[in-house]
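Summary of structural features
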Amino acid sequence: KEQARKLRARETEQERKRVTEEETKQEIMRIAGYVNQPMVDVSILQRSLAILESMVLNSHSLYHRVAQEITVGQLIGHLQVEMLCVEVFGTSVCFILTVSSRCSDQHVIRGNRPIKAEMAHQLYVLQVLTFNLLEERMMTKMDPTDQAQRDVIFELRRIAFDGENDPTGTEKRKAMYTKDYKMLGFTNHVNPAMDFTQTPPGMLALDNMLYLAKLHQDTYIRIVLENSSREDKHECPFGRCAIELTRMLCEILQVGELPNEGCNDYHPMFFTHDRAWEEFFCVCIQLLNKTWKEMRATAEDFNKVMQVVREQITRALAMKPSSLEQLKGKLRSLSYAEILRLRQSERMSQDDFQSAPIIELRERIQPEILELIKQQRLNRLCEGSCFRKLGNRRRQEKFWFCRLSLNHKVLHYGDLDESPQGEVPFELLTDKIPVSDIKSVVTGKDCPHMKEKSALKQNKEVLELAFSILYDPDEALNFYCIWTDGLCALLGREMGSDLTRSDLDTLISMEMKLRLLDLENITIPEAPPPVPKEPSSYNFTYNYG
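About the criteria used
Residues numbered from 1 in each chain as written. Predicted model: local features only at pLDDT ≥ 70, side-chain atom pairs only at ≥ 80, totals over all residues. Heavy atoms only, no water. UniProt positions renumbered as here; feature names shortened; annotations may be inferred. Helix = DSSP H or I, 4+ residues; strand = E, 2+ residues; numbered from the N terminus. Buried < 20%, exposed > 50% of the residue type's maximum accessible area, 1.4 Å probe, protein only. Contact = heavy atoms within 4.5 Å. Areas by Shrake-Rupley, 256 points an atom, 1.4 Å probe, with all protein chains shown as cover. Salt bridge = Lys/Arg side-chain N within 4 Å of Asp/Glu carboxyl O. Pairing = 2+ DSSP bridges. Polar contact = N/O pair within 3.5 Å; in protein donor to acceptor, adjacent residues only side chain to side chain. Expected span 1.5 Å × (residues − 1). Axes fitted to C-alpha atoms, helices over the stretch in contact; angles between N-to-C directions. Parallel < 35°, antiparallel > 145°, perpendicular 65-115°, else oblique. Nonpolar A, V, L, I, M, F, W, Y, C, P; charged D, E, K, R; others polar. Phe/Tyr/Trp six-rings, centres within 6.5 Å; stacked < 30°, edge-to-face > 60°. Lys NZ or Arg CZ within 6 Å of the ring centre and 35° of its normal.

The name an unreviewed UniProt entry assigns to the chain is Engulfment and cell motility 2, from the organism Astyanax mexicanus. Turning to the chain, the UniProt record has this under Function (unreviewed entry): "Involved in cytoskeletal rearrangements required for phagocytosis of apoptotic cells and cell motility. Acts in association with DOCK1 and CRK. Was initially proposed to be required in complex with DOCK1 to activate Rac Rho small GTPases. May enhance the guanine nucleotide exchange factor (GEF) activity of DOCK1."

This is how it looks when you write it as structure tokens:
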């Protein structure tokens, strides 16, 4: 009897759950029907979306049912209705974020399958709608007379300097607050509320600072106290930096702008955290503090630091990090030194190929560099080189030395019993060839000694380095060296070796960098400035007598 009773109870419970699920399904379909209607009363739409959002947040199974009944595309249609009230707009966007963020995070962003263009566009639209929710706070000025808003600034001061005892006197307390606000980096030390009256970023900057202070308290206190203990000229003003950084992030992420049709530029990491915007700010403010230290910046360098930080952030975002942790790693690799290196590399690469003035400068520099290389090669010939003679049995039996005369008219050479230490005097070199008698310079397998000795042909290194000068129909002077450039320069011919091309590129790059060093962050015009017209007369001389 007991088992039969338990069985009946289990069946009853299962039947009750089945009925409940069926009723819930029918209820979801009924509510979704209101939402899917193209024209519906705004109050009904708002309540329906609120109910569905609650279901999605509190039940995984209900989330799947809701997602089957309503698509993001249908909701975006409601957002495009001009007469839609602000409350319904906000409710619609919140519901889109709730459903789509769970869906994108679980099935799209973290999946291994490639994302199609249509889905990428929907994610981009969702990202834009998310950030546009910040526009209201971004465009809201702070009211210096609003005590609730001023309390937020007091809270920032309290969290940073909680260990200090408040003086009892009003004047002492006011003086201490002014000192603390200066240490917090506000521009207006007496009334920091005035720093938030400019839009953008308005109150959004204060929201970000409060989030950092409460959710990342250790980081906040470390940044504030670390800068307050620096020398005055090197301290990083936290308040001013946070306000300007918020404005910069709004510009980078285009807060307040409408989605572009056909654009698929979304960032996966913003779909992996419920407070992605605030966390993004917290990561970037730490980056700013780090870059400030790396640049050893002062107050006069504020704008320059912000430019570097902007470049660091945009470069990191372009790599499409899939999470905030990946973003941190990419920002760590983009140090100030790395940004300078990338700037120089990209500038040289871009200017060489696209900027007419830079191309013209390179063409003017090239003859000078070629002449420098030519002189270096000729000087090397004048110093001379020692070569080994290879016998019939491939034994290195003797040495011989070759050297160019100082007037560049004669090649002196002769045999030696051993390798010399330093230069060999011309007197010891008994043989000579006038440069005017040299008919040509041959290299590699065209050399006579390469043709005669088949064993040497198999030595690739010797074959590549070998060259000969032909000065008589039946005579040749054979070398195993890289003297070809010097001999070609001596004969007035082009130096075409790989070594010359490498030296030319290196030296031109170095010279260009030196000449353009003073033009950093200056745009070079494509065309020269126009020559001014001649004056109507030249009667503008001055008599200093």
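Digging into the overall build of the chain
Of the regular secondary structure elements, the chain holds 22 helices and seven strands. By residue count, 39% of the 545 residues in the chain fall in the buried class. For the chain, restricting intrachain contacts to residue pairs at least 6 apart in sequence, the fraction spanning at least 24 positions comes to 65%. Entry remark: accessible area of the chain is about 32800 Å², with carbon and sulfur atoms responsible for 50%.

Structural notes on the environment of Ala117
Mapped onto the elements of the fold, Ala117 is located in helix α6 (residues 117-132). Between the C-alpha atom of Ala117 and that of Cys263, which follows or precedes it by 146 residues, the distance is 9.1 Å.

Let's talk about the pattern of salt bridges
Counted under the stated rule, the structure contains 20 salt bridges. Measuring nitrogen to oxygen at the nearest pair gives 2.7 Å for the salt bridge that ties Arg158 to Glu155. Pair noted here: Arg158 and Glu155 are both in helix α8 (residues 147-160), with a separation of three residues, about one helical turn. Taking relative accessible area as the criterion, Glu155 reaches 21% and is therefore assigned partly exposed. Here Lys290 makes a salt bridge to Glu294, at a shortest N to O gap of 2.8 Å. Of this pair, Lys290 and Glu294 are both found in helix α13 (residues 276-294), four residues apart, which corresponds to roughly one turn of the helix.

A short note on the pairing of strand β3 (residues 410-416)
Most of β3 sits out of view: five of its seven residues are buried. As paired elements, β3 and strand β4 (residues 431-434) share four bridges and run antiparallel to each other. Its bridge partner being in β4, Leu411 is matched across the sheet by Ile433.

A few points about unusual backbone geometry
Here Thr199 and Pro200 are connected by a cis peptide whose omega angle stands at -15°. Topologically, Pro200 is positioned in the loop between α9 (170-183) and α10 (203-215). A cis geometry characterises the amide bond from Pro200 onward to Pro201, with omega recorded as 10°. Positive phi is not limited to glycine here, since Gln254 has a value of about 55°. By the element assignment, Gln254 lies in the loop between α12 (238-252) and α13.

Quick word on the environment of Val66
Assignment of secondary structure puts Val66 in helix α3 (residues 60-69). In this structure Val66 comes out as buried when scored by relative accessible area, which is 1%. Taking the C-alpha atoms as reference points, Val66 and Met29, 37 residues apart in sequence, are found 8.3 Å from one another.

Considering the side chain of Gln149
Tracing the backbone through its elements, the reader meets Gln149 in helix α8. Only 2.8 Å separates the side chain of Gln149 from the backbone nitrogen of Asp143, close enough to count as a polar contact. When near neighbours in sequence (up to four residues on either side) are disregarded, Gln149 contacts Met142, Asp143, Met203 and Leu206.

Focus on α8
Because an α-helix packs 3.6 residues into every turn, residues spaced three or four apart end up facing the same way. Look at α8: 20 Å from first C-alpha to last across 14 residues, which is about the 20 Å you get at 1.5 Å a residue. Of all the residues in α8, the buried ones are Gln149, Ile153, Leu156, Arg157, Ile159 and Ala160. At the N-terminal end of α8, a side-chain oxygen is found 2.9 Å from the backbone nitrogen of Ala148, two or three residues along, and the residue is Asp146.

Brief notes about the packing of α10 against α13
Across the interface, α10 lies against α13 with an axial gap of 10 Å and an inter-helix angle of 80°. The angle between α10 and α13 falls in the class roughly perpendicular. From α10, Leu204, Asn208, Met209, Tyr211 and Leu212 reach across to α13, where they touch Trp277, Glu278, Glu279, Phe281, Cys282 and Ile285. Residues that form the contact of α10 with α13 fall into these classes: eight nonpolar, one polar and two charged.

Here we look at the side chain of Arg247
Inspection of the secondary structure puts Arg247 in helix α12. Of note is the side chain of Arg247, whose polar atom sits 2.8 Å from the side chain of Glu244. When neighbours within four sequence positions are excluded, Arg247 is seen to be in contact with Gln198, Pro200 and Pro201.

Section: the packing of aromatic side chains
One pass over the structure, following the stated rule, counts eleven aromatic pairs. Centre to centre, the rings of Phe131 and Trp277 are 6.2 Å apart; their planes meet at 65°, and the pair counts as edge-to-face. Here Phe131, found in helix α6, pairs with Trp277, found in helix α13; they are 146 residues apart in sequence, far enough to count as distant. Of the residues examined, Phe131 reaches a relative accessible area of 3% and is grouped as buried. Centroid distance Tyr181 to Phe186: 6.2 Å. Interplanar angle 80°. Geometry classified as edge-to-face. No difference in accessibility class separates Tyr181 from Phe186, as the two residues are buried. Put simply, the rings of Phe154, Tyr177, Tyr181, Phe186 and Phe196 touch in pairs and so form one group of aromatic residues. Across from the ring centre of Phe302, 3.7 Å away, lies the NZ or CZ of Arg240, which sits over that ring. We note Arg403 situated over the ring of Phe426; from NZ or CZ to the ring centre the distance is 4.1 Å.

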